[in-house]
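A look at the structure
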Amino acid sequence: MFAEDVELLPKGAFLGLLQTHRDDPATLQHMLRILWADMDRGGFSAALAKPVLHFNGKLFKGAGEDGYSLLLTPEQIDLLIAAAKSNWREVEPAIFGTLLERALDPAERHALGAHYTPRAYVERLVLPTVIEPLRADWANAQAAALVLAHEAAALQGKAMEAKLAEARAEVKKFHHQLCTTRVLDPACGSANFLYVTLEHLKRLEGEVVNQLEALGHTQDQLGFEGETVTLQQLRGIELNERAAALAELVLWIGYLQ
């Protein structure tokens, strides 16, 4: 549903599939199996009669396994249709952790320590350990860049440009630090902590981009030679395979948003 609403899938395609086969659950089961497999490899999808992108995610692997797609009742399909009519573009990824928690039996939940942590509690850990140290370094880089920019304002011609280049270099140096920072959650669950970390890292990167623009960097120069904050900086360890797969899904949704 998220993929459909951000148009990774053709607009309205998944909802249309549910509606078309609402009264024939067995056919819908096979169509969903085909769609999941097509999303895993990309190309023309027989289920949608349209090409789909290559999603390359663990969620859609294993088409040959039992239970890969479920045989639903018409009433269950109606629930999916109602849900698919909503806009999932801005869905809060943290809800998936709650869904996983409720799907576990109490003994498994206790053994894993699976418990949804409210965002305010997540930030109590993420901000002082990851973000505040980076923001302190960013404040230093900004200060150095602004001093150089102030000196440039008193110059002209090549001397001014050289000084502005030094100011931009200070900002780019911090941006490189930001993009090479690695964060590990050694018991990541469904990735709420990593998701909040990613959001704050991208927000900080936005400030860096704005500062470079203020120092005369044009839009076409803001590619950072391919360097940007990505999911590759986030690492998690998790014993439960379902939670690990869900963590990856949560982070991809957050990154795409």
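All of these numbers come straight from a predicted model, not from anything done at the bench.

Re the environment of T129
Checked against the element boundaries, T129 lands in helix α7 (residues 119-153). Within the structure, the side chain of T129 is placed 2.6 Å from the backbone oxygen of L125, a separation counted as a polar contact.

Observations regarding the packing of helix α5 (residues 95-103) against helix α10 (residues 241-256)
Their axes nearest at 10 Å, the elements α5 and α10 cross at an angle of 165°. Relative to α10, the element α5 is oriented roughly antiparallel. When you trace α5 past α10, the crossing you get is right-handed. Residues F96, G97 and L100 of α5 pack against R242, A243, L246, V250 and I253 of α10.

Thoughts on unusual backbone geometry
For A49, which is not a glycine, the phi torsion comes out positive at approximately 55°. Structurally, A49 can be placed in the loop between β1 (43-45) and β2 (50-52). A positive phi angle is found at A191, which is not glycine, with a value near 80°. Mapped onto the elements, A191 comes out in the loop between β3 (183-185) and α9 (192-214).

Things to note about the packing of α7 against helix α8 (residues 157-179)
Put simply, α7 and α8 touch, their axes get as near as 8 Å, and they point 175° apart. Judged on the interaxial angle alone, α8 and α7 are roughly antiparallel. Taken together, the residues of α8 that come into contact with α7 (itself represented by L134, D137, W138, A141, A144, A145, L148, A149, E151 and A152) are M160, K163, L164, E166, A167, E170, V171, F174, Q177 and L178. In the contact of α7 with α8, the residues fall into 14 nonpolar, 1 polar and 5 charged.

Analysis parameters
- Residues numbered from 1 in each chain as written.
- Predicted model: local features only at pLDDT ≥ 70, side-chain atom pairs only at ≥ 80, totals over all residues.
- Heavy atoms only, no water.
- Helix = DSSP H or I, 4+ residues; strand = E, 2+ residues; numbered from the N terminus.
- Polar contact = N/O pair within 3.5 Å; in protein donor to acceptor, adjacent residues only side chain to side chain.
- Axes fitted to C-alpha atoms, helices over the stretch in contact; angles between N-to-C directions.
- Parallel < 35°, antiparallel > 145°, perpendicular 65-115°, else oblique.
- Left-handed = near helix turned anticlockwise from the far one by under 90°.
- Contact = heavy atoms within 4.5 Å.
- Nonpolar A, V, L, I, M, F, W, Y, C, P; charged D, E, K, R; others polar.

Interpretation note: all reported values are geometric properties and have no functional meaning in isolation.
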